[in-house]
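Breakdown of the fold
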Amino acid sequence: QVQLLESGGGLVRAGGSLRLSCAASGRTFRRYLMGWFRQAPGLEREFVAAINWDGGRTYYADSVKGRFTISRDNAKNTVYLQMNGLKSEDTAVYYCAARAAAGYGPDYTGSYDYWGQGTQVTVSS
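The rules behind each value
- Residues numbered from 1 in each chain as written.
- Predicted model: local features only at pLDDT ≥ 70, side-chain atom pairs only at ≥ 80, totals over all residues.
- Heavy atoms only, no water.
- Disulfide = S-S within 2.5 Å.
- Helix = DSSP H or I, 4+ residues; strand = E, 2+ residues; numbered from the N terminus.
- Buried < 20%, exposed > 50% of the residue type's maximum accessible area, 1.4 Å probe, protein only.
- Salt bridge = Lys/Arg side-chain N within 4 Å of Asp/Glu carboxyl O.
- Polar contact = N/O pair within 3.5 Å; in protein donor to acceptor, adjacent residues only side chain to side chain.
- Contact = heavy atoms within 4.5 Å.

Quick notes on the state of the cysteines
- Applying the stated criterion across every chain, the model contains 1 disulfide.
- Shown here is the disulfide that connects Cys22 with Cys96, its sulfur atoms set 2.1 Å apart. Taking the sign of the S-S torsion, about -80 degrees here, the bridge from Cys22 to Cys96 comes out left-handed. With a gap of 74 residues between them, Cys22 in strand β3 (residues 18-24) and Cys96 in strand β9 (residues 92-99) connect regions that are remote in the sequence. Judged on exposure class, the residue Cys22 and its partner Cys96 are both buried.

Quick word on the pattern of salt bridges
- Enumeration over the complete set of coordinates arrives at 4 salt bridges.
- A salt bridge links Arg38 to Glu46; the shortest N-O distance between them is 2.6 Å.
- Judged by relative accessible area, Arg38 falls into the buried class, the value being 5%.
- For Glu46, a relative accessible area of 36% gives the class partly exposed.
- Note that Asp90 is salt-bridged to Arg38, the shortest N-O span being 2.9 Å. Of this pair, Asp90 sits in the loop between β8 (78-83) and β9 while Arg38 sits in strand β4 (residues 33-39); the two residues are 52 residues apart in sequence, bridging distant segments of the chain.

A look at the side chain of Arg72
- Topologically, Arg72 is positioned in strand β7 (residues 68-73).
- In this structure the side chain of Arg72 is engaged in a polar contact, spanning 3.0 Å, whose partner is the backbone oxygen of Phe29.
- Within polar-contact distance, the side chain of Arg72 engages the side chain of Asn74 at 2.8 Å.
- Setting aside residues up to four positions removed in sequence, Arg72 forms contacts with Phe29, Arg30, Tyr32, Leu33, Met34, Ile51, Asn52, Trp53, Gly55, Thr78 and Val79.

This is the structure:
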C-alpha cells in the first residue's frame, strides 16, 4: 500500500509559479513510476507529467512542456511538480499518482495503482 499526499496548491496570477509536492508513505516508493494529473471542472482527468523510478526519464503533456518540471527525491519519498509560466487554463485540481506496472504509456490514467486526494491550483488572469 502507498498513500500519497499532495501539497503546494493555491491561487496565483497568470505568469506566476507554484511548486507542488507529493509525499508518499511506504518503503517501496523508489519502485514506482510517479505521475501528475489534473482535472478541471466538467472535464476528464488528464495527464500532466511523469517520472520513472530513478528520475532518469521524464514525460510531459504537450500543453506543459517547457513550463513544468517533474522531479523526485527517493530519500524523502517525495515527487515534485515545478510549474512556471502558469496560465488560466492550468486551473484544476492536481493529483499525484503511483504505479508499479510497466507496459503502459505514462499518460494512461487507468494504469496507476494509487492516487492522492488532490490539491487545487487556481490561476487568475
